[in-house]
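Structural characterization, general
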Amino acid sequence: MRLLHTSDWHLGRAFHRVSMLGAQAEFIGHLVATVREREVDAVLVSGDVYDRAVPPLAAVELFDDALHRLAALGVPTVMISGNHDSARRLGVGAGLIDRAGIHLRTEPSAVATPVVLADAHGDVAFYGLPYLEPALVKDEFGVDRAGHEAVLAAAMDRVRADLATRPEGTRCVVLAHAFVTGGEASDSERDITVGGVAAVPAGVFDGAHYVALGHLHGCQTLTERVRYSGSPLAYSFSEAGHRKSMWLVDLAADGTVRAERLDCPVPRPLARVRGTLEELLADPDLARHEDSWVEATLTDPVRPADPMARLTERFPHTLSLVFAPERAPDDPRASYARRLAGRSDQQIARDFVAHVRGAGPDEHETAILRETFDAVRADATVREVAR
């Protein structure tokens, strides 16, 4: 059975205030053409279909167009909700849409209810594990502690239990939206840390013949059977080095996997350039970036006059300007943003406590901070979905 694995469309998202809707529509066209030309048997979309819980109308219209075009091909599509989606909104009409071959899996309680498709060698059971917010689903899965590994392990226990009731030789494909250990993150993914832990081990998915992951925006192979497709478009300059693609997966009769990486259309290349303003304006090696979307980091010791206006004369698509004089991180003149770069909210809070009273939080206080941040994030998720 031939599968096309994609994820993280983030329909409705902009790139530094530049609308990506046209590029997203181009990707949908490319997806549909690939399904037709490569004779795909099933399309897998592993979450973050939309960029936010209440997407703009134009994004909903594009999603509707994608569903109609995929349904018209007669090729089944299995799709789960991600942490950016409202599972309830995305799942509206799922029962009716199911009849058209578009299978939406957004309910945590349905993780062990697979979409079963057949080929010449027997059945393939597709299990959809939507993003499982631990604080919201721990009771559903009967776990004592709200953590990513605990709820995903419980969900996979249900998957394996259902698979055991299927005919011998049934192959298992799992779609999941999670941060799996070994994956490389970028700046454009929303933090899903719970209890100080964001990642879960790949071993959680033992028993599946193929695991189609979503959440991380870089295409990655964690094992031959566990892969991220990555987002089809870049959504931050941290993705400048990414090769945006989808996985074309051939699932053999014995469950072995052969995967081919298929490139996605690139609306405009990304470039990160660094140096003094005069260096950036004069360096002939940077000519290749003159038609790229550019993030320019200026290292001048003193902020130069009209830097953006001067940069856009050479790089007309400059979208981000960062001022970062070459100074030691502990230099009091270093910017606040630079001093906080790469630090989590909990680390910043611990540093604040140490700064105010001269000593950092003890083990009990650290646990309180961690639980408070988790509760606030879970509450924000509930409020966003309820809007």
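On a predicted model such as this, the values are computed, not experimentally measured, just so you know.

Topic: the overall build of the protein
Scanning the protein for helices and strands turns up 11 helices and 19 strands. The globule rule puts the C-alpha radius of gyration for 387 residues at 21 Å, and the 23 Å found for the protein is close to it. Overall size of the protein, expressed as C-alpha extent along the three principal axes, is 70 × 55 × 40 Å. Counting only residues that meet the buried cut, the protein has 50% of its 387 residues in that class. Between the averaged position of the 42 positive side-chain charges in the protein and that of its 56 negative side-chain charges there is a distance of 2 Å.

Description of the pattern of salt bridges
Summed over all chains, the structure comprises 17 salt bridges. Between D291 and R268 there is a salt bridge, with the nearest N and O atoms lying 3.1 Å from each other. Taken together, the positions of D291 in the loop between α7 (277-282) and β18 (293-298) and R268 in the loop between β16 (257-263) and β17 (270-275) put the pair 23 residues apart, joining distant regions of the chain. What you see here is one network of salt bridges that share partners, running through R2, D250 and R258.

Section: the pairing of β16
Summarising the sheet, strand β15 (residues 245-251) and β16 pair through seven bridges and their orientation is antiparallel. Across the sheet, residue V249 finds its bridge partner in β16, namely A259. What sits between β15 and β16 in their antiparallel hairpin is a turn of five residues, with G255 showing a positive phi close to 90 degrees.

Brief notes about empty space enclosed by the protein
For the structure on display, the rule yields one cavity of 30 Å³ or more. In this model, the largest cavity occupies a volume close to 30 Å³. For the largest cavity, the full set of lining residues is Y131, L132, H148, L152, H177 and A178.

Topic: the state of the cysteines
A covalent bond between the sulfur atoms of two cysteines is referred to as a disulfide. Evaluation of the coordinates by the stated rule reveals zero disulfides. Not part of a disulfide, C219 finds its nearest cysteine sulfur in C264, a span of 8.9 Å. By relative accessible area, which is 17% here, C219 ends up buried.

Remarks on the packing of helix α5 (residues 134-141) against helix α6 (residues 148-164)
The contact between α5 and α6 brings their axes to 10 Å, and the two run at 40 degrees. When the axes of α5 and α6 are compared, the pair comes out oblique. Regarding α5 and α6, the two cross each other, and that crossing is left-handed. Contacts between α5 and α6 involve P134, V137, K138, E140 and F141 from the first element and H148, V151, A154, A155 and R158 from the second. In terms of residue class, the contact of α5 with α6 is made up of six nonpolar, one polar and three charged.

Looking at helix α8 (residues 307-314)
Regarding α8, the residues found buried are P307, L311 and R314. For α8, the angular spread of the buried residues around the axis is 55 degrees, confining them to a single face.

Points about the domain arrangement of the protein
Here the protein is partitioned into domain 1 (2-263), domain 2 (270-326) and domain 3 (345-386). Taken over C-alpha atoms, the centre of domain 1 sits 30 Å from the centre of domain 3.

Observations regarding the packing of aromatic side chains
In total, this model carries four aromatic pairs according to the counting rule given. With 5.3 Å between their ring centres and 65 degrees between their planes, Y50 and F63 make a pair best called edge-to-face. Highlighted residues: Y50 in the loop between β4 (42-46) and α2 (57-73) and F63 in helix α2, separated in sequence by 13 residues. Owing to a relative accessible area of 8%, Y50 belongs among the buried residues under this scheme. Each residue in the set F15, F237 and W293 is aromatic and connected to the rest through ring pairs, giving one cluster. We note R268 situated over the ring of W293; from NZ or CZ to the ring centre the distance is 5.8 Å.

As for the nonpolar core
Core analysis: the largest hydrophobic core is formed by 33 residues, its most contacted members being Y127, L129, F141, V174, F205 and L213. Secondary structure elements with two or more residues in this core: β8 (122-129), α5, α6, β9 (171-177), β10 (179-180), β12 (210-214) and β14 (226-228). At seven residues, α6 tops the list of elements feeding residues into this core. V174 has contacts with Y127, L129, M156, V159, F205, A208, Y210, V211 and A212, leaving out every residue within four places of it along the chain. Counting 29 residues, the second largest nonpolar core, distinct from the first, contains V49, L67, L70 and C264.

As for unusual backbone geometry
The backbone of H10 sits at a positive phi, close to 55 degrees, despite the residue not being glycine. Structurally, H10 can be placed in the loop between β1 (2-6) and β2 (14-15). One non-glycine residue, E39, lies in positive phi territory at about 55 degrees. When you line up the elements, E39 lands in the loop between α1 (21-37) and β4.

The rules behind these values
- Residues numbered from 1 in each chain as written.
- Predicted model: local features only at pLDDT ≥ 70, side-chain atom pairs only at ≥ 80, totals over all residues.
- Heavy atoms only, no water.
- Helix = DSSP H or I, 4+ residues; strand = E, 2+ residues; numbered from the N terminus.
- Rg over C-alpha atoms; globule rule 2.2 N^0.38 Å.
- Buried < 20%, exposed > 50% of the residue type's maximum accessible area, 1.4 Å probe, protein only.
- Lys, Arg positive; Asp, Glu negative; His and termini not counted.
- Charge placed at Lys NZ, Arg CZ, Asp CG, Glu CD.
- Salt bridge = Lys/Arg side-chain N within 4 Å of Asp/Glu carboxyl O.
- Pairing = 2+ DSSP bridges.
- 1 Å grid on protein atoms, 1.4 Å probe; cavity = no way out; pocket = protein on both sides within 12 Å on 5 of 7 lines; lining within 4 Å.
- Points joined across faces, edges and corners; volume = space filled by probe spheres on them.
- Disulfide = S-S within 2.5 Å.
- Axes fitted to C-alpha atoms, helices over the stretch in contact; angles between N-to-C directions.
- Parallel < 35°, antiparallel > 145°, perpendicular 65-115°, else oblique.
- Left-handed = near helix turned anticlockwise from the far one by under 90°.
- Contact = heavy atoms within 4.5 Å.
- Nonpolar A, V, L, I, M, F, W, Y, C, P; charged D, E, K, R; others polar.
- Arc of directions from axis to C-beta.
- Domains from an automatic or database assignment.
- Phe/Tyr/Trp six-rings, centres within 6.5 Å; stacked < 30°, edge-to-face > 60°.
- Lys NZ or Arg CZ within 6 Å of the ring centre and 35° of its normal.
- Core = buried A, V, L, I, M, F, W, Y, C linked by side-chain atoms within 4.5 Å.

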